[in-house]
Each structure stands twice: as C-alpha cells, then as structure tokens.
Amino acid sequence: MNLIELVLNPPQNLTITEILVISFILGLMHGATPDEHTWPITFSYAVGKYSTKGGMKAGFLFSLGFTVQRALLTTLGFLGLAEIYNRYNLDGPVYIIVGIVMAIAGSYILKGRYIHLPIDKLLGSEHHDPMAERNELKDPPIKMTIVHGLIAGFGFGAYASIITFVLAPRMPSVLFAPLPGVMFGLGTMTMQIIFGALFANLMKVKKLTEDDIKYVGSKTAGRVLYYGGFTFSLVGLLIVLFPSIDNWAVSTGISIPNLNAIDVGFLLVITVVGVLGVMSMVMSYREVTKTKGRLSKETKA
C-alpha cells in the first residue's frame with residue numbers, strides 16, 4: 001500500500017499520533033488540489049493584497065476560520081451528530097451563503113459599500129472615469145477571510161468524510177475529537193499560505209508603479225469576489241432546485257479527490273479562478289495602461 005492509498009483508506013488500529021499525521025497530510029492534499037471552497041477565496045484576497053506577505057496573510061486567515069470549523073466538524077463526527085451530511089446534501093445552501101458573502105466583500109472593494117447592483121453601468125447611463133473609479137476602490141477587507149473560512153468549512157467532500165467518519169470516531173474521547181480537524185485545517189493552511197503567496201506575486205507586473213499594482217490587484221479581487229459570488233449563489237440555487245446536478249461527474253482516472261473527476265466543484269474553480277480571475281486581471285491591466293497612455297498624451301499637449 002503506497003502513501004496515498006494509506007491516507008485515503010486509513011487502516012484500523014492507528015495510534016493517536018498516526019491519526020493526526022494522516023489528518024495533516026489530508027489537509028495538505030486538500031489545500032493543494034483545486035477546491036471550490038478554498039481556491040477562489042484565497043486567490044481573490046491574495047491578489048488583492050498584491051504582496052507576498054499580504055497573500056500569505058490571506059491564506060492564513062482564511063484557513064484559520066476553516067480550521068476552527070473543521071475542529072467542530074470532527075467533534076460532531078465523534079459524537080455521531082455529523083450524520084446530517086449523509087442524510088442531506090448541504091452543497092447547495094453552502095454555495096449560496098458562500099456566494100452571498102463573496103459578493104458583499106466584492107461590492108465593498110469596488111464601490112465602498114456592502115451592497116451594490118451595477119444597473120447604471122448595464123444601462124450605459126453612468127459616465128466612466130477611470131481615475132475617479134480608482135479613488136473609489138477599497139482595500140480587500142482581509143479579516144473577512146476568517147468568516148469565509150468558517151462558512152466554507154461547512155462544505156463537505158471526500159477529505160472531510162475521511163476525517164469526520166473514519167478518523168474522528170477512533171479518538172479515545174470527545175476531548176481529543178477536535179484534533180483531527182485541527183490537523184486537517186493546519187495542513188490546508190500550510191498549502192493556502194503557499195498558494196496565497198504565489199497568487200499575490202502574480203501582481204508583480206513589470207513597468208507598473210506600486211499604485212498601479214494596487215489598483216490592478218484590488219480591482220481583480222473585487223470583480224472575482226463580486227461576480228464569482230453571484231456565480232456561486234446561482235450554482236447553489238440550481239443544486240437546491242435540481243439536486244441531481246451535484247451528482248454529475250466525468251471521471252479523470254486519477255484517484256486523488258478534487259482531481260478524480262470533472263464535476264460542479266471543479267468547474268466552479270475553473271470558472272471563478274481560471275476565467276473570471278484571469279479576465280479580471282487582464283481587464284484591470286488594460287485599464288491602467290490605457291489611463292497612463294491618455295494622461296501621457298494630455299501632458300504632452
């Protein structure tokens with residue numbers, strides 16, 4: 001039995017130390033693979049902070065909230081109260097709530113208020129002033145990542161199933177029950193700090209001033225959170241109305257969870273991080289260069 005098989009199918013008679021080590025490794029795998037509850041949030045806030053330190057902080061704070069929730073989850077697993085996850089599909093409601101919180105945070109970054117519907121722009125009735133818009137942008141409210149982590153932790157997947165239904169019940173008492181969740185959260189945190197730093201460094205574009213990088217980072221974060229939030233909520237609503245959608249999957253032949261199938265969660269990661277993230281970054285960069293070019297012409301004139 002190789003390491004991956006051992007971790008994904010823990011044998012009986014494990015010691016407490018072995019359970020905790022396996023929980024930590026599961027957390028590393030969870031943080032390293034494309035997960036719809038972690039990557040979009042970490043990407044958004046990390047890019048918005050536009051620095052290695054800021055990106056690492058975003059990953060840390062998100063995973064802190066996530067770790068607290070996972071400790072609660074494994075305690076419920078030990079007590080047998082997590083059975084609700086086997087009886088009910090909570091993916092839809094969790095997606096909806098995560099999406100709402102994302103949209104609220106994105107609205108704050110883009111317009112300085114927590115609720116904003118850009119109807120004026122859609123109707124073409126608002127005058128677009130890039131410089132004025134730059135002044136309106138707010139720094140990403142990075143402490144909200146803790147809230148995101150707490151909410152996202154209620155999402156349930158293969159990794160959560162192992163620590164909740166396989167490892168947690170093997171702990172000697174309820175006092176030890178939170179530990180697999182804590183170790184899983186710390187493993188996820190380790191990878192999210194690393195990815196947060198990597199995402200943030202995407203902002204180090206050549207020939208841009210610090211203010212330009214700040215604008216591109218904040219605008220990208222705002223757009224991804226705002227429009228990504230609506231995407232999450234829409235998908236969540238569809239799952240609530242049509243539960244069979246959540247069961248759709250195309251196998252990839254890979255045995256590692258989050259990589260083993262192309263499903264709703266995987267497509268959400270690709271849409272929010274891959275499509276919205278990249279498009280927002282390119283659009284924001286073009287806005288900066290266009291504005292700099294216009295100001296340059298005005299100065300020469």
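Residues numbered from 1 in each chain as written. Predicted model: local features only at pLDDT ≥ 70, side-chain atom pairs only at ≥ 80, totals over all residues. Heavy atoms only, no water.

Per an unreviewed UniProt entry, the protein goes by Urease accessory protein UreH-like transmembrane domain-containing protein and derives from Metallosphaera prunae.

In this section: the overall build of the protein. Helices and strands together make up the secondary structure of the protein, namely 13 helices and two strands. The buried share of the protein, taken over its 301 residues, is 49%. In the protein, once contacts between residues fewer than 6 apart in sequence are set aside, the share between residues at least 24 apart is 84%. Total accessible area on the protein is roughly 14,600 Å²; 67% of this is exposed by carbon and sulfur atoms. (Helix = DSSP H or I, 4+ residues; strand = E, 2+ residues; numbered from the N terminus. Buried < 20%, exposed > 50% of the residue type's maximum accessible area, 1.4 Å probe, protein only. Contact = heavy atoms within 4.5 Å. Areas by Shrake-Rupley, 256 points an atom, 1.4 Å probe, with all protein chains shown as cover.)

Considering only enclosed or pocket space, the largest pocket measures out at about 690 Å³ in volume. Lining the largest pocket we find 35 residues, and of these Glu-36, Asp-91, Phe-156, Gly-157 and Ala-158 sit closest to its centre. Listed by contribution, the elements that provide at least two residues to the lining of the largest pocket are helix H4 (52-79), helix H5 (84-87), helix H6 (91-111), helix H10 (158-167), strand E2 (261-263) and helix H13 (264-300). Examining the composition of the lining of the largest pocket, we find that four residues originate from one element, H10, more than from any other. Residue composition of the lining of the largest pocket, grouped by class: 17 nonpolar, 11 polar and seven charged. (1 Å grid on protein atoms, 1.4 Å probe; cavity = no way out; pocket = protein on both sides within 12 Å on 5 of 7 lines; lining within 4 Å. Points joined across faces, edges and corners; volume = space filled by probe spheres on them. Nonpolar A, V, L, I, M, F, W, Y, C, P; charged D, E, K, R; others polar.)

A word on the environment of Phe-199. By the element assignment, Phe-199 lies in helix H11 (residues 178-200). Sequence separation of Phe-199 and Met-56 is 143 residues, and the distance between their C-alpha atoms is 9.3 Å. Not counting residues up to four positions away in its chain, the partners in contact with Phe-199 are Trp-39, Thr-42, Phe-43, Ala-46 and Val-47.

In this section: the UniProt feature "transmembrane region" (unreviewed entry) in the protein. When the UniProt feature table is mapped onto this chain, "transmembrane region" (unreviewed entry) is found at residues 59-81, 93-110, 146-169, 181-203, 224-245 and 265-285. With 82% helix and 0% strand, the stretch residues 224-245 has end C-alpha atoms that lie 24 Å from each other. Secondary structure content for residues 265-285 is 100% helix and 0% strand, while the C-alpha to C-alpha distance between its ends is 29 Å. (UniProt positions renumbered as here; feature names shortened; annotations may be inferred.)

Okay, the environment of Thr-42 next. Looking at the element boundaries, Thr-42 is found in helix H3 (residues 39-49). With a relative accessible area of 1%, Thr-42 lands in the buried category. Thr-42 sits 19 residues away from Leu-61 along the chain, and the two C-alpha atoms are 9.5 Å apart. With near-sequence residues (within four places) excluded, Thr-42 lies in contact with Gly-59, Phe-62, Gln-192, Gly-196 and Phe-199.

Mapped onto the elements of the fold, Thr-74 is located in helix H4. Polar side-chain contacts of Thr-74 include one of 3.2 Å to the backbone oxygen of Ala-71. (Polar contact = N/O pair within 3.5 Å; in protein donor to acceptor, adjacent residues only side chain to side chain.)

Now for the packing of aromatic side chains. Following the criterion strictly, the structure yields six aromatic pairs and no others. Ring centres 5.8 Å apart and planes at 80° place the aromatic pair Tyr-95 and Phe-232 in the edge-to-face group. You can see Tyr-95 sitting in helix H6 and its partner Phe-232 sitting in helix H12 (residues 210-241), a full 137 residues away along the chain. Residue Phe-232 is classed as buried on the basis of its relative accessible area, which comes to 0%. Between the aromatic rings of Tyr-226 and Phe-230, the centroid separation amounts to 5.1 Å while the plane-to-plane angle is 85°, which identifies the pairing as edge-to-face. With Tyr-226 and Phe-230 both in helix H12, this residue pair falls four residues apart, about one helical turn. For Tyr-226, a relative accessible area of 3% corresponds to the buried category. The class of Phe-230 is partly exposed, set by a relative accessible area of 42%. These aromatic residues form a ring-pair network of at least three members: Phe-62, Phe-66 and Phe-184. (Phe/Tyr/Trp six-rings, centres within 6.5 Å; stacked < 30°, edge-to-face > 60°.)

Right, let's get into the confidence of the model for the protein. The predicted coordinates of low-pLDDT regions are not to be read in fine detail. On average, residues of the protein score 83 in pLDDT, and 87% of them are at 70 or above. Predicted confidence is poor over residues 119-132, with pLDDT under 50, and the contacts of this stretch with residues over four places away or in other chains come to 12 contacts. (pLDDT = per-residue confidence, 0-100.)

So, about the side chain of Glu-36. Mapped onto the elements, Glu-36 comes out in the loop between helix H2 (16-32) and H3. The buried charged residue Glu-36 lacks any salt bridge partner; its closest oppositely charged side chain belongs to Arg-70, at an N-O distance of 9.3 Å. Here Tyr-95 takes part through its side chain, which lies 2.6 Å from a polar atom of the side chain of Glu-36. (Lys, Arg positive; Asp, Glu negative; His and termini not counted. Salt bridge = Lys/Arg side-chain N within 4 Å of Asp/Glu carboxyl O.)

Taken together, the buried positions of helix H9 (residues 144-152) are Met-144, Thr-145, His-148, Gly-149, Ile-151 and Ala-152. Angular distribution of buried residues about the axis of H9 spans 165°; they occupy a single face of the element. Summarising the contacts, the buried residues of H9 are in contact with H3, H4 and H6. (Arc of directions from axis to C-beta.)

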